[in-house]
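Single-letter residue listing:
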Amino acid sequence: MRLRVPAALLLCAAAYYVYLPLPPGVCEPRKLMLLDALFRSFMTAGELLHALGLLHRVHLLNWVVSLLEEVPARSCSALNVTDTTLGGVPTRVYRPRGAERARRAVLYFHGGGWALGSARMRSYDLLCRKMAEDLDAVVMSVDYALAPDSVFPVQYWDALSASRSFLSAHTWLRFGLDGDRLCVSGDSAGANLAAAVAQTLALAPPLAARFSVQALVYPVLQALDFHTSSYQQNQAVPILYRPVMARFWLQYLDADPLLEASLLLNRHSSALHADTRSKINWTALLPAQVRKHYRPVAADTGPGAAPPVFLDVRAAPLLADDAVLSRTPRAYVLTCEFDVLRDDGMMYARRLSDAGVAVTTDHYGDGFHGCMVFANLPMMSDVGRRSEAGFIRWLDQNL
Ligand SMILES: *[C@@H]1O[C@H](CO)[C@@H](O)[C@H](O)[C@H]1NC(C)=O
Ligand SMILES: *[C@@H]1O[C@H](CO)[C@@H](O)[C@H](O)[C@H]1NC(C)=O
């Protein structure tokens, strides 16, 4: 009997920890709260061990993920699944069994802030299996190097090296790919890499083939404006809070972590060239119903300017010139309303379209960052399943 009071207190504390006010309209808020509580617990444990100097916070997360989430390359009656390398980069390959013929193919880069995740994670493994089966396509899921051990441009180089190999006649012969139907794709930081290599290879001397389509799922594309309307609207929406995204960027670009305060005030980008500004000017690029009542935030020039790497288009594909964008392949851009990165994706779609590229935009009004990949976890959400189905449907009709 005496236990009742502490138990009730514990329950209240747990509810307080899990409870988070979420904006109306977000899909299945209770599941998102649970997911967020799980993430925060790992983050807090990571910060603690990091502060004690025992383990880098990212290493803890990746260790937990590999322990709980990594699955071996299991073949099944429908698919032959193998771990190999593509251009020297570890890659998991999913090949439909059955008639030996050239198949369309998807090169996929997983998300995780250039620091987390793996092609061997259950959620990505399930996504790639589904793509391979539903599309009767070969899917290659790339394990590029991760921060903090590797930083820009290593992730980009890995993505480029895997892409060059994917587009080579040697790889088509080895895996039975149709050289006219090759897609580059990814989600979040993986979509950043996909967009970056699509630009680079559009300009490079032609390889045996070119990508015929690019499919970008809630991409992260710029690090100059942390007050786009979606950053303002969703700064406190799990799981990608604004400061978390700023830290991922600083880590990827190997910049001073102390610049975080400067980034969060937009002080790092107070002295941009007008031409650069126009490429991220969301008041001009996005319609009023998307921007809502949010206003641009421009800081006075001060200390804390961004290092030049913040302007590197290989890191921030939204900063590419129109002439480059115009040469990139037909595009699919998926965005979610409750995502700080919504405007990154929407601005890119608009700029691609203005440059003459055929673009399909797929916006989920109740979606949140990461929902498509969490479609395969116990906390799977309805919007996760819908976005995954929409993504695969577009590939089916366009690849
Ligand atoms: C899958 O393909 C590889 C490479 O072609 C082959 O060596 C292997 O035997 C296949 N595995 C299964 C289980 O069919
Ligand atoms: C963005 O575009 C709007 C509308 O064209 C314009 O009024 C504004 O000055 C631009 N902002 C910047 C910072 O260039």
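This section reports on the structure supplied with the text.

The rules we used
- Residues numbered from 1 in each chain as written.
- Chains lettered and ligands numbered in written order.
- Predicted model: local features only at pLDDT ≥ 70, side-chain atom pairs only at ≥ 80, totals over all residues.
- Heavy atoms only, no water.
- Near = heavy atom within 4 Å.
- Polar contact = N/O pair within 3.5 Å; in protein donor to acceptor, adjacent residues only side chain to side chain.
- Areas by Shrake-Rupley, 256 points an atom, 1.4 Å probe, with all protein chains shown as cover.
- Nonpolar A, V, L, I, M, F, W, Y, C, P; charged D, E, K, R; others polar.
- Helix = DSSP H or I, 4+ residues; strand = E, 2+ residues; numbered from the N terminus.
- Expected span 1.5 Å × (residues − 1).
- Buried < 20%, exposed > 50% of the residue type's maximum accessible area, 1.4 Å probe, protein only.
- 1 Å grid on protein atoms, 1.4 Å probe; cavity = no way out; pocket = protein on both sides within 12 Å on 5 of 7 lines; lining within 4 Å.
- Points joined across faces, edges and corners; volume = space filled by probe spheres on them.
- Pairing = 2+ DSSP bridges.
- Axes fitted to C-alpha atoms, helices over the stretch in contact; angles between N-to-C directions.
- Contact = heavy atoms within 4.5 Å.

## Comments concerning the site of ligand 1
Step number 1: Around ligand 1 sit Asn 80, Arg 95 and Arg 97, and that is every residue in its neighbourhood.
Step number 2: In this structure, Asn 80 approaches ligand 1 through a side-chain N or O atom, which is 2.3 Å from an oxygen atom.
Step number 3: In this structure, Arg 95 approaches ligand 1 through a side-chain N or O atom, which is 3.1 Å from an oxygen atom.
Step number 4: Coverage of ligand 1 by the protein amounts to 36% of the 370 Å² it exposes when considered alone.

## Describing the site of ligand 2
Step number 1: In the vicinity of ligand 2, the contacting residues are Arg 277, Asn 281, Thr 283 and Ala 284.
Step number 2: Between ligand 2 and Asn 281, the relevant distance is 2.3 Å, taken from an oxygen atom to a side-chain nitrogen or oxygen of the residue.
Step number 3: Protein contact buries 35% of the 360 Å² of open area that ligand 2 shows by itself.
Step number 4: Grouping the constituent residues of the shell around ligand 2 by class yields one nonpolar, two polar and one charged.

## A look at helix 15 (residues 342-354)
Step number 1: The end-to-end C-alpha separation of helix 15 is 18 Å, in line with the 18 Å expected for 13 residues at 1.5 Å each.
Step number 2: Counted residue by residue, helix 15 has 10 buried out of 13 residues, so it is predominantly covered.

## Side note on the layout of surface pockets
Step number 1: Of the pockets and cavities examined, the largest pocket occupies roughly 930 Å³.
Step number 2: Sorting the residues of the lining of the largest pocket by element identifies helix 2 (29-51), helix 3 (57-69), helix 4 (122-135) and helix 9 (242-252) as the ones contributing at least two each.
Step number 3: For the lining of the largest pocket, the element with the most residues is helix 2, which contributes nine residues.
Step number 4: Residues belonging to the lining of the largest pocket are distributed by class as follows: 27 nonpolar, 10 polar and seven charged.
Step number 5: Put simply, the second largest pocket is a space of about 370 Å³.
Step number 6: Lining the second largest pocket are 17 residues, with His 56, Arg 57, Arg 247, Phe 248 and Gln 251 sitting closest to its centre.
Step number 7: Where the lining of the second largest pocket is concerned, the elements lending two or more residues are helix 2, helix 3 and helix 9.

## A closer look at the sheet that holds strand 8 (residues 359-368)
Step number 1: A sheet is described by the order of its strands in space; here eight strands give the open sequence 1-2-4-3-5-6-7-8, paired in mixed fashion. At either margin of the open sheet sits one strand with a lone partner, and together these are strand 1 (79-86) and strand 8. Going from strand to strand, the sheet's axes swing by 20° on average, the running direction of each strand aside.
Step number 2: Of the strand pairs in this sheet, strand 7 (residues 330-338) and strand 8 are connected by seven bridges, and their pairing is parallel. Bridge assignment links Ala 331 to a residue of strand 8, and that residue is Val 359.
Step number 3: Along the sheet face, helix 7 (residues 189-203) touches strand 3 (103-109), strand 5 (177-187) and strand 6 (213-217) and points at about 135° away from the line of strand 5.
Step number 4: Contacting strand 6, strand 7 and strand 8, helix 15 runs over the sheet at an angle of about 150° to strand 7.

Read these as spatial facts, not as claims about activity.
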